[in-house]
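Below, each chain spelled out in residue letters.
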Amino acid sequence: MAHRHLVQVPARPAAYAFEPATTALLVIDMQRDFLEPGGFGESLGNDVSQLRRTIDPLRRVLAAARALGLTVVHTREGHLPDLSDCPPAKRQRGAPSRRIGDPGPYGRILIRGEYGHDIVDELAPVPGEPVIDKPGKGAFYATELDGLLGERSITSLLVTGVTTEVCVHTTVREANDRGYECLVLADCVGSYFPQFHTVGLEMIAAQGGIFGWVADSTDLLAALGTATP
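Residues take numbers from 1 onward in each chain, read along the sequence in its written order. It should be noted that, the model being predicted, local features are given only for residues of pLDDT at least 70 and side-chain atom pairs only at 80 or more, the latter also being counted only at that level, while totals for whole chains, interfaces and linings use all residues. Only hydrogens and water are set aside; all other atoms, that is, all heavy atoms of the structure, feed into the side-chain values.

## Here's the deal with the sheet that holds strand 4 (residues 71–77)
Okay, so step 1: Pairs of strands are assigned from DSSP output, requiring at least two bridges between the strands. Counting from the N terminus, the helices are DSSP H or I runs at least four residues long and the strands are E runs at least two residues long. Taken in spatial order, the 6 strands make up an open sheet running 7-4-3-8-9-10, and their pairing is parallel. In this open sheet, the two strands that pair with only one neighbour each are strand 7 (131–134) and strand 10 (213–215). Ignoring which end each strand starts from, the neighbouring axes of this sheet average 25 degrees apart.
Okay, so step 2: Pairing between strand 9 (residues 181–190) and strand 10: 3 bridges, direction parallel. Counted as the bridge partner of Leu-185 is Ala-215 from strand 10. Fitted lines through C-alpha atoms give the axes, limited to the stretch in contact for helices. The angle between two N-to-C directions lies from 0 to 180 degrees.

Next up, the structure:
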């Protein structure tokens, strides 16, 4: 059971307070296609180390969340094998032979059930942790996420994953519109483009936290260490 204790984390633009019982850790798209050396992301010329640096801090956050009994939800971006849930506006991006559904280093690119579509071993879900398969950038679009969180009375989200400016940002914006309070962990989200990562985080915390709050995982872990039943 989650501890019923208010936790306060130093954050931008101000301290972020949450109750573990009504908080979920959201782990967005930590998939092999995006993060593994030699995978799809790297085949496009990206530096996957920019994403892989998130694995160790996120692993520590995941362990702490599990120890406290927080709800943990993983997401995976991908599509049905027949691509019926992938609109042309998304499918026709990128060079031919390197598009969604094409053969890739770890199976068909971003296709559900393929090796590359699944989550990296270091952050593998444990039994009982929901895994949301999403066809879009945002975790709320065409998924059961909102209903799942509602069933568990979740009102606060600790947001991690990749990439900062795309799936993380889209999800935080969707969550904000639905009334969730989001804390984005700066060292547990990443982008292939460092400048996008930096500006993406600034956009979230701007104007008094227009989309949410931003903090380092070390500050979260320190605050969780003070939580008592």
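Having seen the model, we can carry on.
## A look at the packing of aromatic side chains
Okay, so step 1: The rule is short: rings of Phe, Tyr and Trp, with Trp giving its six-membered ring, pair when the centres are within 6.5 Å, and they are stacked under 30 degrees, edge-to-face over 60, tilted in between. Following the criterion strictly, the structure yields 5 aromatic pairs and no others.
Okay, so step 2: Ring centres 5.0 Å apart and planes at 70 degrees place the aromatic pair Tyr-16 and Trp-213 in the edge-to-face group. Pair noted here: Tyr-16 is in strand 2 (residues 16–18) and Trp-213 is in strand 10, with a separation of 197 residues, a long-range link. Taken individually, Tyr-16 and Trp-213 each receive the classification buried, so the pair is uniform in this respect.
Okay, so step 3: Aromatic side chains Tyr-106 and Tyr-115 sit 5.6 Å apart centroid to centroid with 65 degrees between the ring planes, which places their arrangement in the edge-to-face category.
Okay, so step 4: Each residue is placed in one exposure class: buried if its accessible area under a 1.4 Å probe, protein chains only, is under 20% of its type's maximum, exposed if it is over 50%, and partly exposed if it falls in between. Assessed through its relative accessible area of 22%, Tyr-106 is described here as partly exposed.
Okay, so step 5: Among the aromatic residues, those joined into a cluster by ring pairs are Tyr-16, Phe-18 and Trp-213.
Okay, so step 6: Over the face of the ring belonging to Tyr-115 we find Arg-32, whose NZ or CZ atom lies 3.8 Å from the ring centre. We call a charge positioned above a ring when the Lys NZ or Arg CZ atom is no farther than 6 Å from the ring centre and deviates by at most 35 degrees from the ring normal.

## Overview of the layout of surface pockets
Remark: the empty space left among the atoms is shown by a probe the size of a water molecule rolled over them.
Okay, so step 1: Of the volumes computed, that of the largest pocket is approximately 610 Å³.
Okay, so step 2: Both site types are read off a 1 Å grid over the protein atoms alone. A 1.4 Å probe that fits but cannot get out defines a cavity, while an open set with protein on both sides within 12 Å along at least five of seven lines defines a pocket; lining residues have an atom within 4 Å of a point. What lines the largest pocket is a set of 23 residues, and nearest its centre among them are Phe-34, Phe-40, Leu-44, Leu-110 and Lys-137.
Okay, so step 3: Per-element tally for the lining of the largest pocket: the top contributor is helix 7 (residues 164–177), with 3 residues. Grid points are joined across faces, edges and corners, and a volume is the space filled by probe spheres set on the points.

## Focus: the pairing of strand 3 (residues 23–28)
Okay, so step 1: Burial analysis of strand 3 places 6 of its 6 residues in the buried class, the great majority of the element.
Okay, so step 2: Here strand 3 shows two buried faces, one formed by Thr-23, Leu-25 and Val-27 and the other by Ala-24, Leu-26 and Ile-28.
Okay, so step 3: When strand 3 meets strand 8 (residues 156–162), the two strands line up parallel, connected through 6 bridges. Within strand 8, the position partnered with Leu-25 by the bridge is Leu-158.
Okay, so step 4: Sheet topology places strand 3 next to strand 4; 5 bridges connect them, and they run parallel. Looking at the pairing, Leu-26 lines up with Val-73 of strand 4.

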